2 protein chains.
Amino acid sequence: MKLSIIVIGDEILIGQVTDTNSGFISRTLGPYGWETARVVTVADKADDIRSAIELCMADSELVITTGGLGPTKDDITKGVMCGIFGGPMIFNDEVAANIREVFDIRGLRMNPLTEAQAFVPASCRVIQNRLGTAPIMWFERKSDGHVLVAMPGVPFETEGMLTRSVISEIASHFSPELFIGHKSLMITGITESALAQQLENFESALDKRLHLAYLPTPGLIRLRLDASGTKGDGTDKILDEAFEQLCKETEQYIIFKGDANAAEIAIDAIRRKGLHLASAESCTGGNIAHLITSTAGCSDIYLGSVVSYSNEVKTNVLGVKADVIREHGAVSSEVVAAMAEGVAKLTGAECAVATSGIAGPGGGSDEKPVGTVWTAVVTPGGTETFVKRYPGNRQRVIERASTEALLALAKALR
Amino acid sequence: MKLSIIVIGDEILIGQVTDTNSGFISRTLGPYGWETARVVTVADKADDIRSAIELCMADSELVITTGGLGPTKDDITKGVMCGIFGGPMIFNDEVAANIREVFDIRGLRMNPLTEAQAFVPASCRVIQNRLGTAPIMWFERKSDGHVLVAMPGVPFETEGMLTRSVISEIASHFSPELFIGHKSLMITGITESALAQQLENFESALDKRLHLAYLPTPGLIRLRLDASGTKGDGTDKILDEAFEQLCKETEQYIIFKGDANAAEIAIDAIRRKGLHLASAESCTGGNIAHLITSTAGCSDIYLGSVVSYSNEVKTNVLGVKADVIREHGAVSSEVVAAMAEGVAKLTGAECAVATSGIAGPGGGSDEKPVGTVWTAVVTPGGTETFVKRYPGNRQRVIERASTEALLALAKALR
């Protein structure tokens, strides 16, 4: 079944905020048989919202809108809905009670603008939003049975309410006949085009219901095998078999079976060996720690990090000798190895990663240009260091260096 | 002038990757008089790409596509372009030479799939992509002069090439008559709806060419005044005057004049006083350090951080007394104050922030539920601590706690 998503909001269209709701909705509804046909982002303008809804409702059984439901004057979505689905706006007591409750929990005082949020189109069925004040609205078009669900724009509310109740409302309304499945592999140590060449025969021989997608990210390629068939026609089995063959074809490059980011791959490798991890970061500035600690449950293997942005912190906290820094420079094999060994000793971790480099835009030289990063990995097997030069701006160098450090750790433990 | 953006890629549509290109393109072209009419995301399917191009070219003088130009089989964009703009695919020597150069710099070997990237539609003018192998293609529709520019999907390449050369090609082709401007204010300490109520008269009296937008993010509201007029009609002056009045109306809640995130606001506050900053993080796990060090040039004020995920690191590195942790628990005013004071002493910084809390999903209790976070701020004026309970999942608690710590520091220095 076809799903279209409409993202409403000037702030997204002018690039001030990045939309993450549409991706969350697609990921969440995919396994229920929904294929996302398109995502359209439009401004808080009645005409643009109306056109996008008409375009999407023409070919999609389900249309989800996010945003445009706030209490301020730039939000006009509800009026557009009345225009399309008919009927007036009416005051909804349940919505008003929910708004009061949300405000009470947050210790805030109601005001007339907030009260106005309790008005909803008479043509909709309200799904109470337990996480915010903007009500979720379910509209059905009589002519073809196509459904529009209007959700709030705040990601926390959209994600929470989709998972809590909107998914089950959708599943009970539509009967999904399609089988849609995905299986992923994480690959490292080969370029996208060399991998594609190696898999040419595999791809040509794939069943028509299957499709192989390459998703390169810096340092890591996600290979995703997609299946799309009808329930009961054996597509699930065909997917499993093709995935098994894909694993054989790419065996030497697989760093993880499944879908995982570099931090999850490193945590998995550490946990399987019953070890503990610490990090010492200069140019990555805490990003390695942030990536690891963004993963729930990491506290059984992760002890902590020292972000040694100044040389004094390298010396006083991590115990890197001042004359080693003087002799080799802060961006060197010797210093990064001493940082990793220092933080392992300080925290009692058996494993550690450390980075020292030039993230830019300033600080580069002919000998050590911007993007030069030394990385050290400590495992029970010993200390390894390597240097690479990463392309791109500051953010890209930080991200790439963090990913490579985590993958190097996973490889060293393999 | 109207701009539409088409994002091509299964991986974005199914929510595996978040599109950031469209936001970058909108932000970058806005000041050149381009108003983004819509962003459409479609799959790597010829029919869907064709429909999206036809929809967008109908009402937009400029259409930019991103993605769908890689060397692997899931990329079919070029064939669609031949269908729309006519003519065959031809081998382009310049593109081939550029691909060879990119591969040489990266120390990679060419292969037949990479060579295939040198074929381009005869109907386009090529803009060489100096940052990757996929050529940038400029198409012009004779009937109405509308332009389509096909750009790669890798953000590093799209961002870099847009800034380096595509913007100037666009500016020299079109003559922008529109004046478009934005001015922003960062607001804290008031809810969106209370702020909107306070600004009701201001908004009602605004010139028709101006528009006020509210952009709430956790802990911080961005107020943006947008102007849209014709060059030379005085819209720029009207924008300046209205912005000045807006500043007066919201004076007590302004934390920053302009557009800035919490880290930039904190760095600015520290730098203005000639001070230095360190951080000690438990539940935020390095995110505060990451936010600060993502800002170029922070090294003049930022010394470093200790991510004390385990209690041993709190005691051994930060000098938090073990009996204080035993008596009050790691998530307490006493411990977080000792962490902040400890890291200030360790690094020699005059200012410090520290966090200790329960980011979840596990670890909560009746007394200290998930989302409970203690924050400490050290400045030359002394140490302050506060506790808040943040709603949402792990990622949201980490982000909110990081933002609130940085804003509390900026407020303490005000």
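Residues numbered from 1 in each chain as written. Chains lettered and ligands numbered in written order. Predicted model: local features only at pLDDT ≥ 70, side-chain atom pairs only at ≥ 80, totals over all residues.

## Describing the overall build of chain A
The condition is simple: Numbering of helices and strands runs from the N terminus; a helix is a DSSP stretch of H or I covering at least four residues, while a strand is a stretch of E covering at least two. Using C-beta atoms placed from the backbone, we call a residue buried if 20 or more other C-beta atoms fall within 10 Å of its own, exposed if 12 or fewer do, and partly exposed for counts in between. A pair of residues counts as a contact when their C-beta atoms, built from backbone coordinates, are separated by no more than 7 Å.
Broken down by element type, chain A carries 16 helices and 17 strands. Counting only C-alpha atoms and orienting by the principal axes, one finds that chain A spans roughly 80 × 60 × 40 Å. Out of the 414 residues belonging to chain A, those deemed buried represent 49%. Of the contacts formed within chain A by residues at least 6 apart in sequence, a portion of 68% connects residues at least 24 apart.

## Description of the relation of the copies chain A and chain B
For the pair of chain copies, the relating transformation is a rotation about an axis with a translation along it. For the record, the criterion: Only residues with pLDDT of at least 70 in both copies count here: their C-alpha atoms drive the least-squares fit that superposes the copies.
Screw-axis analysis of chain A against chain B gives a translation of 0.1 Å along the axis, an RMSD of 0.1 Å, and a rotation angle of 180 degrees. Here the symmetry operator amounts to a two-fold rotation axis. An overlap of 100% is found between the interface residues of chain A and their copies at the interface of chain B, pointing to a shared contact surface.

## Here we look at the sheet that holds strand 16 (residues 372–379) of chain A
Quick note on the threshold: Two strands are counted as paired when DSSP detects at least two bridges linking them. Orientation is described by axes fitted as lines to C-alpha atoms, over the contacting stretch for helices, and by angles from 0 to 180 degrees between their N-to-C directions.
Reading across from one edge, 17(A)-16(A)-15(A)-13(A)-14(A)-14(B)-13(B)-15(B)-16(B)-17(B) is the order of the ten strands in this open sheet, with mixed pairing throughout. In this open sheet, the two edge strands, each paired with only one partner strand, are strand 17 (382–389) of chain A together with strand 17 (382–389) of chain B. Taking the axes of each pair of neighbouring strands and ignoring which way they run, one obtains an average angle of 10 degrees across the sheet. The sheet contact formed by strand 13 (residues 277–281) of chain B and strand 15 (residues 351–357) of chain B spans five bridges and is parallel. Note that in strand 15 of chain B the partner of Ser 279 of chain B across the bridge is Val 353 of chain B. Lying over the sheet, helix 15 (residues 333–347) of chain A contacts strand 13 (277–281), strand 14 (302–308), strand 15 (351–357), strand 16 and strand 17 of chain A, oriented at roughly 145 degrees with respect to strand 15 of chain A. With respect to the sheet, helix 16 (residues 394–412) of chain A is in contact with strand 15, strand 16 and strand 17 of chain A, its orientation differing from that of strand 16 of chain A by roughly 25 degrees.

## Quick notes on the interface of chain A and chain B
Basically, it comes down to this: The classification used treats Ala, Val, Leu, Ile, Met, Phe, Trp, Tyr, Cys and Pro as nonpolar, Asp, Glu, Lys and Arg as charged, and all other residues, Gly among them, as polar.
Listed as interface residues are 75 residues of chain A and, on the opposing side, 76 residues of chain B. Partitioning the side of chain A that touches chain B into residue classes produces 29 nonpolar, 34 polar and twelve charged. Two elements, strand 2 (residues 35–42) of chain A and strand 2 (residues 35–42) of chain B, share five bridges in a ladder whose sense is antiparallel. Looking at the pairing, Arg 38 of chain A lines up with Val 42 of chain B of strand 2 of chain B.

## Quick notes on the domain arrangement of chain A
All names here are of chain A. Condition: How far each domain reaches was decided by an automatic or database domain assignment.
Considered domain by domain, chain A is made up of domain 1 (2–173), domain 2 (178–257) and domain 3 (262–412). With centres defined by C-alpha atoms, the gap from domain 2 to domain 3 works out at 32 Å. Each partner contributes residues to the interface: domain 2 has seven residues there, and domain 3 has eight residues.

## Structural notes on the sheet that holds strand 7 (residues 136–140) of chain A
Read from one edge to the other, the open sheet built from twelve strands follows the order 6(A)-7(A)-8(A)-3(A)-1(A)-2(A)-2(B)-1(B)-3(B)-8(B)-7(B)-6(B), with strand pairing classed as mixed. Edge positions in the sheet fall to strand 6 (125–127) of chain A together with strand 6 (125–127) of chain B, since each of these pairs with one other strand and no more. The mean inter-strand angle of the sheet, taken between neighbouring strand axes irrespective of direction, is 20 degrees. The pairing of strand 3 (residues 62–66) of chain B with strand 8 (residues 147–151) of chain B spans five bridges and is parallel. When the sheet's bridge partners are listed, Ile 64 of chain B is paired in strand 8 of chain B with Val 149 of chain B. Packing against the sheet, helix 7 (residues 155–173) of chain A makes contact with strand 3 (62–66), strand 6, strand 7 and strand 8 (147–151) of chain A, and its axis sits at approximately 165 degrees to strand 8 of chain A.

## Some details on the packing of helix 11 (residues 262–272) of chain B against helix 16 (residues 394–412) of chain B
All names here are of chain B. Heads up, the condition is: The scheme is simple: roughly parallel for angles under 35 degrees, roughly antiparallel for over 145, roughly perpendicular for 65 to 115, oblique for anything else. Left-handed describes a crossing whose near helix is turned anticlockwise from the far helix by less than a right angle; the clockwise case is right-handed.
One can describe the packing of helix 11 onto helix 16 by two numbers: an axis separation of 8 Å at closest approach and a directional angle of 25 degrees. Taken together, the axes of helix 11 and helix 16 are roughly parallel relative to one another. Note that helix 11 runs across helix 16; the crossing there is left-handed. Residues Ala 262, Ala 263, Ile 265, Ala 266 and Ala 269 of helix 11 pack against Thr 403, Leu 406, Leu 407, Leu 409 and Ala 410 of helix 16. Classifying every residue of the contact of helix 11 with helix 16 gives nine nonpolar, one polar and no charged.

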